[in-house]
Amino acid sequence: GPGMRRNAATQAAQNLHGFEILVGPYAVCHLRLTQQILAEGGAMPEDGVHVYLTDTLDSPKAVPPQYPMLYRQLGEEHQRAQKVKAQTPILVCMGNPPYDRQQIEAVDEGKQRRKGGWIRFGDEGVDGRGILQDFLDPKNELGVGVHAKNLYNDYVYFWRWALWKVFEDKSSPGIVSYITAASYLRGPGFAAMRRLMRQIFDELWIIDLEGDNLGARKTENVFDIQTPVCIAIGVRYGPPQPEQPAAAHYCRIEGTREEKFEALLRVQSFTDLAWRDCLPGWADPLLPTSASRYWEWPLLTDIFPWQENGMQFKRTWPISESLEVLQRRWETFLNASNRKVAFKESRDRRITGRYPKLDDSGSKDTPLANLSAGSPCPQPSRIAYRSFDRQWALVDNRLGDYLRPSLHNGHSQRQVYLTSLLTNVLGEGPAAVVTALIPDLDHFRGSFGAKHVIPLWKDRQASAANLPAGLLEQLAAAYGAKVGAEDVFAYTYALLASPRYAQRFWEELTIPGPRLPLTRDAALFAQVAALGRQLLWLHTYGERFVPLGKKPGKLPAGTARCKVGTPSAPEDYPEKFSYDEATQELHVGKGIFEKVRPEVWNFSVSGLQVVKSWLGYRMRERSGKKSSPLDEIRPQVWSFDDELLELLWVLDATVDLLPQAAEMLDKVLASPLIPASELPQPTPAERKGAPNAADMPLLDFTHRLDEEDESPE
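If you're wondering where the values come from, they're calculated on a predicted model, not measured in any experiment. (Residues numbered from 1 in each chain as written. Predicted model: local features only at pLDDT ≥ 70, side-chain atom pairs only at ≥ 80, totals over all residues. Heavy atoms only, no water.)

**Description of the overall build of the protein**
- What the protein contains, in helices and strands, is 20 helices and 20 strands.
- Taking 713 residues into account, the globule formula puts the C-alpha radius of gyration at 27 Å, and the protein, at 29 Å, falls close to it.
- Projected onto its principal axes, the C-alpha coordinates of the protein cover approximately 90 × 65 × 60 Å.
- Here the protein holds 713 residues, and the buried ones make up 52% of them. (Helix = DSSP H or I, 4+ residues; strand = E, 2+ residues; numbered from the N terminus. Rg over C-alpha atoms; globule rule 2.2 N^0.38 Å. Buried < 20%, exposed > 50% of the residue type's maximum accessible area, 1.4 Å probe, protein only.)

Here you go:
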């Protein structure tokens, strides 16, 4: 009745506490809460609404600043907030904290305050250890140190604060409910965070609202942001039970923004949603599995245990489609009045720095600041910039922040790299692509590239394969024939290169990390590997897995033809391109390419439309990010018709082979499969780069199931 409502409103007003750092929202919150309490007939607390103007992440022991007399009330407000942080027991913590991963540019280093407050840095002058370390300390043990940077996000600080405030050093029950970015559900860098959540809570419910506008599967967001979000409700019913991981439940709400809001409005209790149990491990993703056989298969990252990041320059000007452009950019850089601005310094690369060469010599190059105006340009190298897109780069350790010496140490004329999304969600199209060139960080689809490069070999001699010890021998015993590393690589690629793979395992792949169905059928393994060799030859532009009688680098002509050559006059340099599906013509400026099939034009890799991307990087106004005034130096004449034809021919042949690849995948899935439990597990040493010679036996990897020899390369 009315009396109960009044009492409830009065009690709520007394027990409710809120923190707000911005004056505007703070004032609005005061007004609305006051209105709501009075509307319900409740009585206001004597000291007013318990909403405090404060930084939640400040230490509960922090000494309040000395405010002038005019602002004495702010000092009193700060003291009230500190008392709540330090002394007031909290049963429920809920909110929508901000999400932002702070990235400080080199020019702001030392000037800009790092976020995280007490949670990240602890009490100054005491121990210097923030409680965020509980999300960081176990990272090496869990094998996710490279991804730890993703934890430096506002919403992660607030999660750690809530777990501390509601549960730390207490045996009482409690609830935390946040709507935040959803990256902690699956991101490898959040493994320790998930483990602590499972230690503290008894049960955890996740409502995935999706909303990713940057990844491979684009969905509408409930907010005007591009980051996917989720609602989490974590509950502890009594004393902690740290030996038993929390039972985690998951549901996903799909549709438009309006449909998602409508679905949420209909929820009155937990039973109104269809929950699925999440993976049970302490640090497992907070995502559900299914009864599919898929989960029995080995992870791709267990078959090829060494994965590496692609090269990350942190600036775009050392990369171009044109050798001539790189030379002009270098000369312009050397003659710049402000080399620092032209270079685009970062935390790890400055023009005054001396950095080791990439040639294993141990020597260091002259700092960029000390070079004379006529210094020779570093030797350009071809790199794998995006899927099927080869560009030129000044691969000089002074010009790129992270150029991956481990990849250079293992590079050779026999090396080949597979790239995929190993820690992010795959979209439609091939689940992997390959290249004979050292890949860029974002090679696979133009973003989310960390730890997504799998080299076939661990050394320049191609004598140590990126495979667990004993795997080849075990497969040879199963098939009754020798198996080489190239065979396993080719078999893998034939299955992952088929768009059918992502289609068949769409739901399973929401948990990152493709798994490999490995057939027990020797004849089928050989057939799949043979198809994989053909795809590898095509997708490395004829440079690897060259068939007998074929010349390296020579591709078969496809159906596409150049009908009208693109003019080379500077004034005719293409500014745009278009495709006419009715005539199957691709127009590049004034150039015309005919017999370009729609399947070729629309070919995509997890949302990256290959032909559009390739052309976009070569228009007068280049697509993508710009890092420096040097990026404005562009090609003066068009000279890319032959390269475009090669790309179209590679995709022509690929499109023709995709039905066969889909058929092979179906045959493999219908055959008896080898579960992961029967295969050797990689050791920690095998998950690293090139080993010492004494650490790895030399195996004969030259045998091919079709008993053909590789053409000399």
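On we go.
**Description of the sheet that holds strand S11 (residues 389-393)**
- Spatial strand order, S9-S11-S10: three strands in an open sheet with antiparallel pairing. Sheet topology places strand S9 (319-320) and strand S10 (381-386) at the edges, where each strand pairs with a single neighbour.
- Where S9 meets S11, two bridges bridge the pair, whose relative direction is antiparallel. Within S11, the position partnered with serine 320 by the bridge is tryptophan 392. (Pairing = 2+ DSSP bridges.)

**Brief notes about the packing of aromatic side chains**
- Inspection of every chain in the model, using the stated rule, returns 30 aromatic pairs.
- Both rings, one in tyrosine 573 and one in tryptophan 638, keep their centres 5.7 Å apart while their planes meet at 65 degrees; by these two values the pair is edge-to-face. In this pair, tyrosine 573 sits in the loop between strand S15 (561-564) and strand S16 (577-580) while tryptophan 638 sits in the loop between helix H19 (610-616) and helix H20 (641-670), placing the two residues 65 residues apart along the sequence.
- On the basis of relative accessibility, which here comes to 3%, the residue tyrosine 573 falls in the buried class.
- Using a relative accessible area of 4% as the deciding quantity, one classes tryptophan 638 as buried. (Phe/Tyr/Trp six-rings, centres within 6.5 Å; stacked < 30°, edge-to-face > 60°.)

**Section: unusual backbone geometry**
- For alanine 462, which is not glycine, the phi dihedral falls at a positive 55 degrees.
- Within the element layout of this structure, alanine 462 appears in the loop between strand S14 (453-455) and helix H14 (471-479).
- On the basis of relative accessibility, which here comes to 8%, the residue alanine 462 falls in the buried class.
- A positive phi is found at tyrosine 541, a non-glycine position, where the angle reads about 55 degrees.
- The residue tyrosine 541 is located in the loop between helix H17 (522-539) and S15 in this model.
- On the accessibility criterion, tyrosine 541 (5% relative accessible area) is buried.

**Examining the sheet that holds strand S8 (residues 276-277)**
- Pairing is mixed in the open sheet, where six strands are placed in the order S3-S4-S6-S5-S7-S8. Each edge of the sheet is formed by a strand with only one pairing partner; in this case those strands are strand S3 (92-95) and S8.
- Pairing analysis gives six bridges linking strand S5 (residues 203-208) to strand S6 (residues 229-236), with the strands arranged antiparallel. Note that in S6 the partner of isoleucine 207 across the bridge is isoleucine 231.
- Sheet contacts for helix H7 (residues 154-167): S3, strand S4 (174-181) and S6; angle to S4, the most-contacted strand, approximately 175 degrees. (Contact = heavy atoms within 4.5 Å. Axes fitted to C-alpha atoms, helices over the stretch in contact; angles between N-to-C directions.)

**What about helix H11 (residues 323-334)?**
- Taking 1.5 Å as the rise per residue, H11 with 12 residues should run 16 Å; its terminal C-alpha atoms sit 17 Å apart, in good agreement.
- Val325, Leu326, Arg329, Trp330, Phe333 and Leu334 are the residues of H11 that are buried. Projection of H11 onto a plane perpendicular to its axis shows the buried side chains occupying an angular sector of 165 degrees, all on one side. (Expected span 1.5 Å × (residues − 1). Arc of directions from axis to C-beta.)

**Quick word on the packing of H7 against helix H8 (residues 191-200)**
- Relative orientation of the contacting elements H7 and H8 amounts to 20 degrees, with a least axis distance of 12 Å. For the element pair H7 / H8, the angle class is roughly parallel. The element H7 and its partner H8 pack so that their crossing is left-handed. Contacts between H7 and H8 involve Val156, Trp159, Arg160, Leu163 and Phe167 from the first element and Met193, Leu196, Met197 and Ile200 from the second.
- The class makeup of the residues in the contact of H7 with H8 is eight nonpolar, no polar and one charged. (Parallel < 35°, antiparallel > 145°, perpendicular 65-115°, else oblique. Left-handed = near helix turned anticlockwise from the far one by under 90°. Nonpolar A, V, L, I, M, F, W, Y, C, P; charged D, E, K, R; others polar.)

**Some points on the packing of H17 against H20**
- Contact geometry for H17 and H20: axes closest at 10 Å, N-to-C directions at 160 degrees. Here H17 lies roughly antiparallel to H20, going by the angle between them. Where H17 crosses over H20, the handedness of that crossing is left-handed. Of the residues in H20, those in contact with Leu524, Gln527, Val528, Leu531, Gln534, Leu535, Leu538 and His539 of H17 are Val650, Ala653, Thr654, Leu657, Gln660, Ala661, Met664, Lys667 and Val668.

**Notes on the confidence of the model for the protein**
- On average, residues of the protein score 89 in pLDDT, and 90% of them reach the 70 mark or higher.
- Overall, residues 691-713 carries pLDDT values under 50, and its contacts beyond four positions in sequence, including any with other chains, amount to 46 contacts. (pLDDT = per-residue confidence, 0-100.)

**Details of the pattern of salt bridges**
- Following the criterion strictly, the structure yields 38 salt bridges and no others.
- The partner of aspartate 389 in a salt bridge is arginine 618, and the shortest N-O contact between them spans 2.8 Å. Of this pair, aspartate 389 sits in strand S11 while arginine 618 sits in the loop between H19 and H20; the two residues are 229 residues apart in sequence, bridging distant segments of the chain.
- For aspartate 666, the salt bridge is made with arginine 504, and the minimal N-O distance between the two is 3.2 Å. One end of the pair, aspartate 666, is in helix H20; the other, arginine 504, is in helix H16 (residues 499-504), and 162 residues separate them in sequence.
- Judged by relative accessible area, aspartate 666 falls into the partly exposed class, the value being 28%.
- Taken together, the salt bridges that share partners define one network made up of Glu210, Arg252, Glu254, Arg276 and Glu507. (Salt bridge = Lys/Arg side-chain N within 4 Å of Asp/Glu carboxyl O.)

**Let's talk about the side chain of arginine 544**
- With respect to the element layout, arginine 544 can be found in the loop between H17 and S15.
- A polar contact of 2.6 Å, which involves the side chain of arginine 544, links it to the backbone oxygen of glutamine 415. (Polar contact = N/O pair within 3.5 Å; in protein donor to acceptor, adjacent residues only side chain to side chain.)

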